[in-house]
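Chain and residue survey
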Amino acid sequence: MLKIIIPTIMLMPLTWLSKKNMIWINTTTYSLLISLISLSLLNQPSNNSLNFSLMFFSDPLSAPLLVLTTWLLPLMLMASQHHLSKEPLIRKKLYITMLTMLQTFLIMTFTATELISFYILFEATLVPTLIIITRWGNQTERLNAGLYFLFYTLMGSLPLLVALISIQNLTGSLNFLLIQYWNQALPDSWSNIFLWLACMMAFMVKMPLYGLHLWLPKAHVEAPIAGSMVLAAILLKLGGYGMLRITTMLNPQTSFMAYPFLMLSLWGMIMTSSICLRQTDLKSLIAYSSVSHMALVIVAVLIQTPWSYMGATALMIAHGLTSSMLFCLANSNYERTHSRTMILARGLQTLLPLMAAWWLLASLTNLALPPSINLIGELFVVMSSFSWSNITIILMGANITITALYSLYMLITTQRGKYTHHINSIKPSFTRENALMALHMTPLLLLSLNPKIILGFTY
Amino acid sequence: MAAGLLGLCTRRLLAAAATRGIPAARVRWESSSSRAVIAPSAVVGKRGPEPTTRWQEDPDTEDENLYEKNPDSHGYDKDPAVDLWNMRVVFFFGFSIVLVLGSTFVAYLPDYRWSRNLLALAVFAFFQGASPRSLDHLDLNAAQIEDRSKRAV
C-alpha cells in the first residue's frame, strides 16, 4: 500500500517545487501514474483480503473504491485548471495541496485495518474538504454550507468514537481482519441498541440518509468543481463503505434496528427524486440525485444479502463516476454563463453538440440505462429488496421512473430547444473538457464489459 | 353571463394595461347590455421596467477568452506551449497508458472462482483416494461455476 500512499504524499512537494508553468502538468501526470499502480489492487485472488501490513489491507470491497479515488484526483485537477487560472501561484499550489491531502486521507481510510485508524482518517477527510468549500467556493453561502457539512458529520461521528472505544474495551481489538472471525452476537439490551445507533449514525449522515441530508445540497452546490466531484464521487461512499464494514459486528440488532432507516431510505429516495423534478439550480438537482441513489445503497446495506451487497458496491462505483461527470458538465455550463440556473443555459445542443453527446451519455447512465453498471447495481438492489419484502417493488419502481424523469428533464432543459440570446456567444468546448468527460465515461463503459471486479466480496 | 365574462376580460385587460403600460384598447367601448366599459388605459407612457434581479450567481467576472490569443487552445493554459504539452500529457498518460494498459491488465486477470473450484475438486478427489498424479490430469471443464440462480438472493 505504501506504493500508493507515498507517491500521493509526494505529490505535495512536487506541487510546491514545480515551476509555475509545470504545476498542472506534473501533478496530472503523476496522479495518473498513481492510478495506474492502484489498478494492481484489483487482482484479488480470494474472498479474504490482501494483507499488505498490520495497518493496511485491501479486499474486493475496498479495492474498487480505492481505484476510483486515485482515478478521480487527475480528473479533479483537470476540472479545476480553468477557474484557478486567475489565482496567484501560491493559492493554486495550496489548492492542489488540499486535494492531495484529501486523496491521501481517503486512500488510507479505505485501506485501514483498524477501526480507530479508520475513524481518525474519516474525520481527517473533513478538514481539507471544508477548506476547499469555504475558501474556493464562489458565493457567500459557502460559509453556511461549510458549517452544515462539518457539524452534521461531526455530530454523527462523535458517538461512533465512543462506541468504538467501548468495543475496543470489550473485545480487545478493532482490527477488521480479526473481527471477521469474532462471531459473537451482541446481547439484546438497550445499551447495545444505542451502540448500534452510535456505530451507524455517522455513516447514515455521510451517505446521507434522507432526514439527515440537509448538508449535502448546500455543500455540493457551494463547493468548487473539484470539491463537488470528490464529495459526490468518494466522500458519500465513505459512508457506504463504513456501513458495510461495521454491520459485520452489529448482528443480531441489525435485523430489527434497520427497519426505521429502511423506511426512511425507501421513502426518501422517492422524495429526493421528486425534489429533483422541481429544481431550478442544476448543481442542486445533481446533489439531490446523489441522495436518491445513496438511499438505494443504504437499503442494500441494511438488507444484508449477498446480492444486495453486490448491488451496493456496484452502485457506489457507478454513481461515483456518473455523478462526478454530471458535476463536470454543470461546471462547463457555469464557466460560460456564470449561473447555475438550468433554464438560462438551454438549447446548448445547437451550440455545443459534442458536449451534448456527453450530456446524453451522463443522463443515460444516471437513469441506469442497460447495460451500464448503474443498471447492474440498481437491479441487484431492487431484486434483493423485492426478495426481502415484495411491497418495496412499488417504491423502487416509482424511484426508477422518477429518476428517469428528472434525468431526461435535466437533459432536455439544458440541451434541447432554442438557445437563449445571451448565450449565443459562448466559447466552444475545450479539449480539456472533452477529455475530462471521456475519462469519466470510458471507465464506466469498460466496466459494463467486466463488472465482476466491482461486485465486492460476495461475488 | 357573457357580460359577466366580458367584465372578467375587462379586468384582465386592465390589469395587463396597468402592469405593462400598453393600451388595452384603442377606443372607448360601452356594452349595450350591461355596464361593462373598455377604455384606453389612463396610464400614460410605458411603465418603467422593474429592476432586474441578479440572475448570475457569479456576476462581474472578467472572462478571458483563451481562443482569442490562441485559436488552437485546448483550455489548459494561456501559454500555447504549456497548453499543448498539458493536452499531450493528459491524452498520453490518461488514455494510452492508464486506460489501455489498465484495461488490458484487468481483462487478463484470472478467473479466481474457476481456479478455486478446480482446486476444491482436486483436493476432494485426493481425499477420496485419488493418487497425487491425478492432479496432472484434471478435467478442466469439471470446475463449473455454481448455478447462482439457485442461491438465496
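Keep in mind it's a predicted model, so treat the numbers as computed, not measured. (Residues numbered from 1 in each chain as written. Chains lettered and ligands numbered in written order. Predicted model: local features only at pLDDT ≥ 70, side-chain atom pairs only at ≥ 80, totals over all residues. Heavy atoms only, no water.)

Looking at the interface of chain A and chain B
Applied cut-off: Note on contacts: a residue pair qualifies if any of its non-hydrogen atoms lie within 4.5 Å across the two residues. The term buried area denotes the loss of accessible surface (1.4 Å probe radius) that occurs when two parts are joined, taken as the sum for both partners. Put simply, a salt bridge is a Lys or Arg side-chain nitrogen that is within 4 Å of an Asp or Glu carboxyl oxygen. In protein, a polar contact means a hydrogen-donor-capable atom and an acceptor-capable atom, both N or O and within 3.5 Å, with residues adjacent in sequence counting only if both atoms are side-chain atoms; elsewhere, any N or O pair within 3.5 Å suffices. What counts as a helix is a DSSP run of H or I of at least four residues, what counts as a strand is a run of E of at least two, and both are numbered from the N terminus. In this count, Pro and Cys sit with the nonpolar residues alongside Ala, Val, Leu, Ile, Met, Phe, Trp and Tyr, while Asp, Glu, Lys and Arg are called charged and the others, Gly among them, polar.
Facing 55 residues of chain A, the contacting portion of chain B comprises 41 residues. A combined buried area of about 4200 Å² lies between chain A and chain B, and 64% of that area is made up of carbon and sulfur atoms. Scanning the region where chain A abuts chain B turns up zero salt bridges. Here chain A is connected to chain B by seven residue pairs in polar contact (both at pLDDT 80 or more). Mapped onto the side of chain A that touches chain B, the elements with two or more residues apiece are helix 2 (23-38), helix 3 (62-80), helix 14 (306-337), helix 17 (373-388) and helix 19 (431-449) of chain A. Tallied by class, residues from the side of chain A that touches chain B come to 23 nonpolar, 26 polar and six charged.

Some thoughts on the packing of helix 2 of chain A against helix 4 (residues 89-111) of chain A
Helix-helix packing: each pair is described by the crossing angle between the helix axes and the interaxial distance. Residues and elements named next belong to chain A. Filter applied, for reference: Helix axes are fitted to C-alpha atoms over the stretch in contact, other axes to C-alpha atoms as well, and angles between N-to-C directions run from 0 to 180 degrees. Each angle receives one of four descriptions, namely roughly parallel if under 35 degrees, roughly antiparallel if over 145, roughly perpendicular if within 65 to 115, and oblique otherwise.
It is at 11 Å that the axes of helix 2 and helix 4 come closest, and there the two elements cross at 10°. With respect to each other, helix 2 and helix 4 are oriented roughly parallel. Contacts between helix 2 and helix 4 involve Ile23, Trp24 and Thr27 from the former and Leu89, Lys92, Lys93 and Ile96 from the latter. Residue composition of the contact of helix 2 with helix 4, by class: four nonpolar, one polar and two charged.

A closer look at the environment of A:Val382
Of note, A:Val382 is situated in helix 17. Considering only alpha carbons, one finds A:Val382 and A:Ala300, 82 residues apart in sequence, at a separation of 8.5 Å.

Considerations on the side chain of A:Thr104
All names here are of chain A. Convention followed: With a 1.4 Å probe rolled over the protein chains alone, any residue whose accessible area is under 20% of its type maximum counts as buried; one over 50% counts as exposed, and the rest are partly exposed.
Here Thr104 is to be found in helix 4. A relative accessible area of 5% places Thr104 in the buried class. Residues contacting Thr104, with those up to four places away along its chain left out, are Ile5, Thr8, Ile9 and Met12.

Observations concerning the UniProt feature "transmembrane region" (unreviewed entry) in chain B
Stated precisely, the cut-off is as follows: UniProt positions are given in the numbering used here, feature names are shortened, and annotations may be inferred rather than shown by experiment.
The positions UniProt marks with the feature "transmembrane region" (unreviewed entry) are residues 89-109 of chain B. The span residues 89-109 of chain B is 90% helix and 0% strand, and its two end C-alpha atoms sit 27 Å from each other.

A closer look at the confidence of the model for chain B
Residue and element names in this part refer to chain B. Using the following cut-off: Summary of the metric used: pLDDT quantifies the predictor's per-residue confidence within the range 0 to 100.
On average, residues of chain B score 74 in pLDDT, and 55% of them are at 70 or above. For chain B, the element scoring lowest by mean pLDDT is helix 1 (residues 2-20), at 55; helix 3 (residues 80-107) scores highest, at 96. Among the prediction metrics, the complex's ipTM stands at 0.91, with pTM recorded as 0.86.

Comments concerning the packing of aromatic side chains
In this description, a pair of aromatic rings is defined by centroid distance and the angle of the planes. All names here are of chain A. In plain terms, the rule: Put simply, two rings from Phe, Tyr or Trp (the six-membered ring, in Trp's case) pair if the centres are within 6.5 Å, and we call them stacked under 30 degrees between planes, edge-to-face over 60, tilted for the rest.
One pass over the full model with this rule turns up 18 aromatic pairs over all chains. Judged by centre distance (6.5 Å) and plane angle (70°), the ring pair of Phe118 and Phe176 falls under edge-to-face. Of the two residues, Phe118 sits in helix 5 (residues 115-124) while Phe176 sits in helix 8 (residues 176-179), which places them 58 residues apart along the sequence. The same class applies to Phe118 and to Phe176, which are both buried. Considering the side-chain rings of Phe118 and Phe203, the 6.0 Å spacing of their centres and the 45° angle between planes classify their relative orientation as tilted. Taken together, the residues span a long stretch of sequence, with Phe118 in helix 5 and Phe203 in helix 9 (residues 190-206) at a distance of 85 residues. Assessed through its relative accessible area of 2%, Phe118 is described here as buried. Relative accessible area serves as the criterion here: at 1%, Phe203 is assigned to the buried category.

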